[in-house]
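Okay, here's what each chain looks like letter by letter:
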Amino acid sequence: MIEPAQPLSEQLAVSDFELFGVPEQFAQDRAHLDARWKDLQREVHPDKFASQGTAAQRVAMQWSVRINEAYQRLKDPMRRAAYLCELGGAPIDAEINTAMPAAFLMQQMEWREAMDDATDVSALEALLDDVQQAHKAALQQCAQLIDTGHDLPAAAQQVRGLMFIEKFLRDIEARID
């Protein structure tokens, strides 16, 4: 993993997919990612480099952090989709690009009203089920847009929608609690 011929900054800059040795696509095998993460962490664990001094341990720690960051992106479908869009030149830019289709905005408003009008936990749980189904459908759409259609600008818009949906799911769960 650590090749002295190449500067550390270049080694750390490989894509998450390259680092994990998996195809650059949305569809990923979670069990494989988990196993690969464990293997990579074992390989670079700072304790393995204790006899080589603090510099080697520091490099191992940088690798460990880089591997953890990559793992967090790859294991989360929404973050993986956003990362693929970014790699493909279709940045998410959620902070500055909040444009959404009118139908999506209407759905958001209906969900918000339903949450505000909910008088008991069963109504909130029914809403949660609906929103989870929409989340699942949006992830499937992302997979199709990225892996099959190779339409990264459309996928980026879908990811922005997923960000809204995931936030709303957290809001519903907080209200249920």
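Structural notes, computed from the coordinates.

On to helix α8 (residues 152–176), then. For α8, which comprises 25 residues, the first-to-last C-alpha distance of 35 Å matches the rise-based estimate of 36 Å (1.5 Å per residue) to within 8%. Residues of α8 that are buried include every one of Leu-152, Ala-155, Ala-156, Val-159, Arg-160, Gly-161, Leu-162, Ile-165, Glu-166, Phe-168, Leu-169 and Ile-172, and no others. On the buried face of α8, the contacting elements are α5 (77–87), α6 (102–117) and α7 (121–148). Put simply, Asp-151 is the residue that caps the front of α8, since its side-chain oxygen is 3.2 Å from the backbone nitrogen of Ala-154.

Next up on the list: the pattern of salt bridges. Here the structure, examined in full by the defined rule, presents six salt bridges. Among the ionic contacts, a cluster of salt bridges with common partners joins Asp-16, Arg-66 and Arg-73.

Phe-20, Val-131 and Val-159 are the most contacted members of the largest nonpolar core, which has 45 residues in total. Of all the secondary-structure elements, those providing two or more residues to this core are α2 (16–20), α3 (30–44), α4 (54–75), α5, α6, α7 and α8. For Val-159, the contacting residues outside a window of four places in its chain are Met-78, Ala-81, Ala-82, Cys-85, Ile-92 and Cys-142.

The calculated volume of the largest pocket comes to roughly 200 Å³. What lines the largest pocket is Met-100, Pro-101, Phe-104, Gln-107, Trp-111, Ala-134, Ala-138, Gln-157, Gln-158, Gly-161, Leu-162 and Ile-165. Of all elements in the fold, only α6, α7 and α8 reach the threshold of two or more residues within the lining of the largest pocket. The dominant element in the lining of the largest pocket, judged by the number of residues it contributes, is α8, at five residues. Residues of the lining of the largest pocket, tallied by class, amount to eight nonpolar, four polar and no charged.

Cut-offs applied
Residues numbered from 1 in each chain as written. Predicted model: local features only at pLDDT ≥ 70, side-chain atom pairs only at ≥ 80, totals over all residues. Heavy atoms only, no water. Helix = DSSP H or I, 4+ residues; strand = E, 2+ residues; numbered from the N terminus. Expected span 1.5 Å × (residues − 1). Buried < 20%, exposed > 50% of the residue type's maximum accessible area, 1.4 Å probe, protein only. Contact = heavy atoms within 4.5 Å. Polar contact = N/O pair within 3.5 Å; in protein donor to acceptor, adjacent residues only side chain to side chain. Salt bridge = Lys/Arg side-chain N within 4 Å of Asp/Glu carboxyl O. Core = buried A, V, L, I, M, F, W, Y, C linked by side-chain atoms within 4.5 Å. 1 Å grid on protein atoms, 1.4 Å probe; cavity = no way out; pocket = protein on both sides within 12 Å on 5 of 7 lines; lining within 4 Å. Points joined across faces, edges and corners; volume = space filled by probe spheres on them. Nonpolar A, V, L, I, M, F, W, Y, C, P; charged D, E, K, R; others polar.

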